[in-house]
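Structural description and commentary
Spelled out, the chains give:
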Amino acid sequence: MRIPCFLPLALALVACQPPAGEGAAPPGAPVAAVNVNGLPAIRSTEAASLTAAGEAIQAVLAQAPFVPPPITRTEPAKLVVNLEVKEVVKPISEGVDYVFWTFGGDVPGSFIRVRQGDSVEFHLNNHPDNKMPHNIDLHAVTGPGGGAASSFTAPGQSSQFSFKALNAGLYVYHCATAPVGMHIANGMYGLILVEPPGGLPPVDREYYVMQGDFYTVGKYREKGLQPFDMQKAIEENATYVLFNGSEGALVGDKALTAKTGETVRLYIGNGGPNLVSSFHVIGEIFDKVYTEGGTRFQENVQTTLIPAGGAAIVEFVVDVPGTYVLVDHSIFRAFNKGALGLLKVEGEENVALYSGKEVSEAYLADKAQTGTGAMIADATTASAAGTLSKEAQVQAGGALFAGTCSACHQSSGAGIEGVFPPLAGSDFLLADKERAIGIVINGLSGPVTVNGKDYTSVMPPMSQLNDDEVANILTFALNSWGNDGGRVTHAEVAKVRASTPRPPGAAH
Ligand SMILES: [Cu+2]
């Protein structure tokens, strides 16, 4: 009797001999790579072969941030995966739409979970309403193109191919139809987990998060339907860097959740197409990281690098309640391009470990509260339609102020004596509206006198704000904390911006 190569541990060191005549390895060559857990990569044909008889099982797929349940089978099986490609219009940010090309209707594509040794019968269905042909390259496939050549599918067609899941690990899959970069940039990627026999150690929560970079003709958060920008993509000049395909995917009521004392496992992928991710959770240390989605884990990691077209499994125990922030620690991407998600942990305070206080507004900016994005988007739409009320401006401006200005000028508008001048009752602000617009767009430095007190400090330019946002923030400031009203319009901001000379290369 030959010993099946997928038997774990006890038999792991027994060499797996391919049957005679079936591509026997040269003498001395490793026939089975034995990984750190003692699990050999399957190279024998003894596990269910691609054409093996037996009951086919339909694979359970899941949409992010969820994953299918762990596999409890003790034997490999024939597994049928049905994945449908759909081209869909969805919000990429509040009030911003994008035509995503998806595996399964969402970005990232459906999570596929199989067992090492399974024979996977893969059906790729290209929805008849789609405009483009697509295919799939699964990094879990051993074979030229990873399935791409056998899965090229025109709209309204299906294709089928089979592969054996030889190696355990967490793998990216993606479309590989030309222009490949464009298909990936439009959201065509997902993860497939090949569980080792016996599975991964049980945990309390498992989530699926995948980063991707996006390139739109309009600027970050410029409203409306935004087309793909090929030139920006070639230059790797991302407009958005996102988790799960949208700025709103992991915030507000879509935040990930856990309870104190639980172990959380995140399956993190990076679809690219261009950028690598410095994945970090603010306030946590990864107890384990299966680097690059492989078999070995590293312990006690702060930030893990996830290459484009790569993945990692991270695990940590959440000890202290509160909000944890998932970011790409290339930090402008988190706060100015959208690479930010939240994990909300409920449970008893543990003052022995941490003294308390929620994660600050400065970290969360306008993502701190649910619905603020919608308020801002509605104000922009109303502004474009010429129906914007002062009340809507004040509301939207308040949300933006909380994320943009309050760190220095304080939520109360009182500033900090000697450092940040007040906006509440500020004679300087109220004296000259145009000057105030110019300060927000261009910053301010040098001596100023506000309400009789001198400040010699620096306010950086808030050039990430668009005209609507500046108008709303200033309208909010002019109508809050007892200030006496007044209103700033989009057109007034545009005028000041246009009349400001900018050094070459500076942002709008
Ligand atoms: Cu495609």
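Owing to the predicted nature of the structure, the values given are computational and were not obtained by experimental measurement. (Residues numbered from 1 in each chain as written. Predicted model: local features only at pLDDT ≥ 70, side-chain atom pairs only at ≥ 80, totals over all residues. Heavy atoms only, no water.)

**Looking at the overall build of the protein chain**
As a reminder, the rule being used: Helix and strand definitions follow DSSP, with helices as H or I runs of at least four residues and strands as E runs of at least two, each counted in order from the N terminus. Exposed residues in this analysis have more than 50% of their type's maximum accessible area, buried residues have under 20%, and partly exposed residues fall in between, with area computed by a 1.4 Å probe over protein chains only. Any two residues whose heavy atoms approach within 4.5 Å at even a single point are treated as in contact. Residue exposure ignores everything except the shown protein chains as possible cover, and the areas themselves are Shrake-Rupley values with a 1.4 Å probe.
When helices and strands are counted, the protein chain shows 11 helices and 23 strands. Across the 508 residues in the protein chain, those meeting the buried criterion constitute 51%. Considering only contacts within the protein chain whose residues lie at least 6 apart along the sequence, 69% involve residues at least 24 apart. Surface summary for the protein chain: the accessible area is close to 22300 Å², and the carbon and sulfur share equals 56%.

**Considerations on the nonpolar core**
For clarity, the threshold we go by: To form a nonpolar core, buried Ala, Val, Leu, Ile, Met, Phe, Trp, Tyr and Cys residues must be joined to one another through side-chain atoms within 4.5 Å.
By size, the foremost hydrophobic cluster in this structure holds 58 residues, and its most contacted members are Leu191, Phe214, Leu266, Tyr267, Phe279, Leu326 and Leu343. With 27 residues, the next largest nonpolar core counts Ile376, Leu388, Val470 and Val496 among its residues.

**Regarding unusual backbone geometry**
The omega angle of the peptide bond from Ala64 to Pro65 is 10°, so this bond is cis rather than trans. Structurally, Pro65 is set in the loop between strand E1 (56-58) and strand E2 (78-93). Residue Glu236 is not a glycine yet carries a positive backbone phi of 60°. One can find Glu236 in the loop between helix H2 (230-234) and strand E12 (240-243).

**Digging into the packing of helix H5 (residues 372-385) against helix H6 (residues 390-404)**
Operational definition: The convention used is that axes are lines fitted to C-alpha atoms, helices contributing only their stretch in contact, and that angles between N-to-C directions extend from 0 to 180 degrees. The labels follow the angle: roughly parallel below 35 degrees, roughly antiparallel above 145, roughly perpendicular from 65 to 115, and oblique for the rest. In this scheme, a crossing is called left-handed if the near helix is turned counterclockwise away from the far one by less than a right angle; it is called right-handed if the turn is clockwise.
Between H5 and H6, the least distance of the axes is 9 Å, while the angle of their chain directions is 135°. In terms of axis orientation, H5 runs oblique to H6. Judged by the sense of rotation from one axis to the other, the crossing of H5 with H6 is left-handed. Every residue of H6 that contacts H5 at Thr372, Met375, Ile376 and Ala379 is listed here: Ala392, Gln395, Ala396, Ala399 and Leu400.

**A short note on the coordination of the copper ion**
Ideal geometry at a metal centre: 109.5 degrees between donors when four sit tetrahedrally, and 90 or 180 degrees when six sit octahedrally. Filter applied, for reference: A 2.8 Å cut-off from the metal defines N, O and S donors, relaxed to 3.2 Å for Na, K and Ca; water is not in the atom list, so some sites may appear incomplete.
Within the protein, the atoms that donate to the copper ion are His134 (ND1), Cys175 (SG), His183 (ND1) and Met188 (SD), at distances of 2.0 to 2.4 Å. Look at where the donors of the copper ion fall in the sequence and you get H-x40-C-x7-H-x4-M. Taken as a pair, Cys175 in the loop between strand E8 (169-174) and helix H1 (180-185) and Met188 in the loop between H1 and strand E9 (189-195) lie far apart in primary sequence, 13 residues in all. Relative accessible area serves as the criterion here: at 0%, Cys175 is assigned to the buried category.

**Thoughts on helix H9 (residues 433-442)**
The line we're drawing: For the purposes of these results, a polar contact is taken to be a pair of N or O atoms within 3.5 Å, where, inside protein, one atom must be able to donate a hydrogen and its partner to accept one; residues adjacent in sequence count only when each atom of the pair is a side-chain atom.
Listing the buried residues of H9 in full gives Ala436, Ile437, Gly438, Ile439, Val440 and Ile441. Those residues of H9 hidden inside the fold are in contact with helix H8 (427-431), strand E22 (444-450), strand E23 (453-459), helix H10 (467-478) and helix H11 (490-498). For H9, the capping residue at the N-terminal end is Asp432, with a side-chain oxygen 3.2 Å from the backbone nitrogen of Glu434. Just past H9, the residue Gly443 takes up positive phi, approximately 80°.

**Overview of H5**
Put simply, the rule reads: Working rule for helices: expected span equals 1.5 Å times residues minus one.
Taking 1.5 Å of rise per residue, 14 residues should cover 20 Å, and H5 covers 20 Å from first to last C-alpha, within 8% of that figure. Listed in full, the buried residues belonging to H5 are Thr372, Ile376, Ala377, Ala379, Thr380 and Ala382. Where H5 ends, the next residue or the one after it, Gly386, has phi of about 75°, a positive value.

**Some details on the packing of aromatic side chains**
Definition in use: Note on aromatic contacts: the rings of Phe and Tyr and the six-membered ring of Trp form a pair at centre separations within 6.5 Å, being stacked when their planes are under 30 degrees apart, edge-to-face when over 60 apart, and tilted otherwise.
Applying the stated criterion across every chain yields a total of 17 aromatic pairs. Judged by centre distance (5.3 Å) and plane angle (55°), the rings of Tyr220 and Tyr240 are tilted. Taken together, the positions of Tyr220 in the loop between strand E10 (205-214) and strand E11 (224-225) and Tyr240 in strand E12 put the pair 20 residues apart, joining distant regions of the chain. Here Tyr290 and Phe297 contribute two aromatic rings whose centre-to-centre distance is 5.4 Å and whose plane-to-plane angle is 65°, an arrangement assigned as edge-to-face. Classification of Tyr290 by relative accessible area gives buried; the value is 5%. Each residue in the set Phe243, Phe279, Phe286 and Phe316 is aromatic and connected to the rest through ring pairs, giving one cluster.

**Observations regarding the sheet that holds strand E20 (residues 322-328)**
Paired through backbone hydrogen bonds, the strands of a sheet run either parallel or antiparallel to each other. Put simply, the rule reads: The criterion for strand pairing is that DSSP finds at least two bridges linking the strands in question.
The 5 strands are arranged E13-E21-E20-E15-E18 in an open sheet whose pairing can be described as mixed. Single-partner strands in this sheet number two, and they are strand E13 (256-259) and strand E18 (303-306). Averaged over neighbouring strand pairs, the angle between their axes works out to 20° when direction is ignored. When E20 meets strand E21 (residues 340-346), the two strands line up antiparallel, connected through 6 bridges. Bridge pairing in E21 places Leu326 opposite Gly341.

**Notes on the packing of H6 against H10**
Packing of H6 against H10 leaves a shortest axis separation of 7 Å and a crossing angle of 95°. Viewed along their axes, H6 and H10 adopt a mutual orientation that is roughly perpendicular. In this structure, H6 uses Lys390, Gln393, Val394, Ala396, Gly397, Gly398, Leu400, Phe401 and Thr404 to contact H10, whose residues at the interface are Glu469, Ala471, Asn472, Ile473, Thr475 and Phe476.

**Remarks on the sheet that holds strand E4 (residues 112-115)**
As summarised here, the arrangement of the 4 strands in space is E4-E9-E8-E6, forming an open sheet in which the pairing is mixed. Single-partner strands in this sheet number two, and they are E4 and strand E6 (137-138). Of the pairings in the sheet, the one linking E4 to E9 comprises 4 bridges and is parallel in character. Counted as the bridge partner of Arg115 is Glu195 from E9.

**Here we look at the environment of Lys131**
With respect to the helices and strands, Lys131 occurs in the loop between strand E5 (119-126) and E6. Lys131 sits in the exposed class, given a relative accessible area of 68%. Along the backbone, Lys131 and Ala154 are 23 residues apart, and their C-alpha atoms lie at a distance of 8.6 Å.

**Section: the pattern of salt bridges**
Filter applied, for reference: Definition used for salt bridges: Asp or Glu carboxyl oxygen within 4 Å of a side-chain nitrogen of Lys or Arg.
A full pass over the atoms with the stated rule returns 16 salt bridges. Here Glu206 and Arg113 are joined by a salt bridge, their closest N and O atoms 2.8 Å apart. Of this pair, Glu206 sits in strand E10 while Arg113 sits in strand E4, placing them 93 residues apart in sequence. Residue classification places Arg113 among the buried residues on the basis of a relative accessible area of 5%. It is possible to trace a salt-bridge network through shared partners that takes in Arg113, Glu195, Glu206, Arg265, Lys288 and Glu315.

**Quick word on the side chain of Asp468**
Filter applied, for reference: Charge counting treats Lys and Arg as positive and Asp and Glu as negative, with His and both chain ends excluded.
Position of Asp468 among the secondary structure elements: in helix H10. For the buried Asp468, no salt bridge is present, and the opposite-charge side chain at shortest range is Lys223, 8.0 Å distant. A polar contact is formed between the side chain of Asp468 and the side chain of Ser383, at a distance of 2.8 Å. There is a polar contact of 3.1 Å between the side chain of Asp468 and the side chain of His490.

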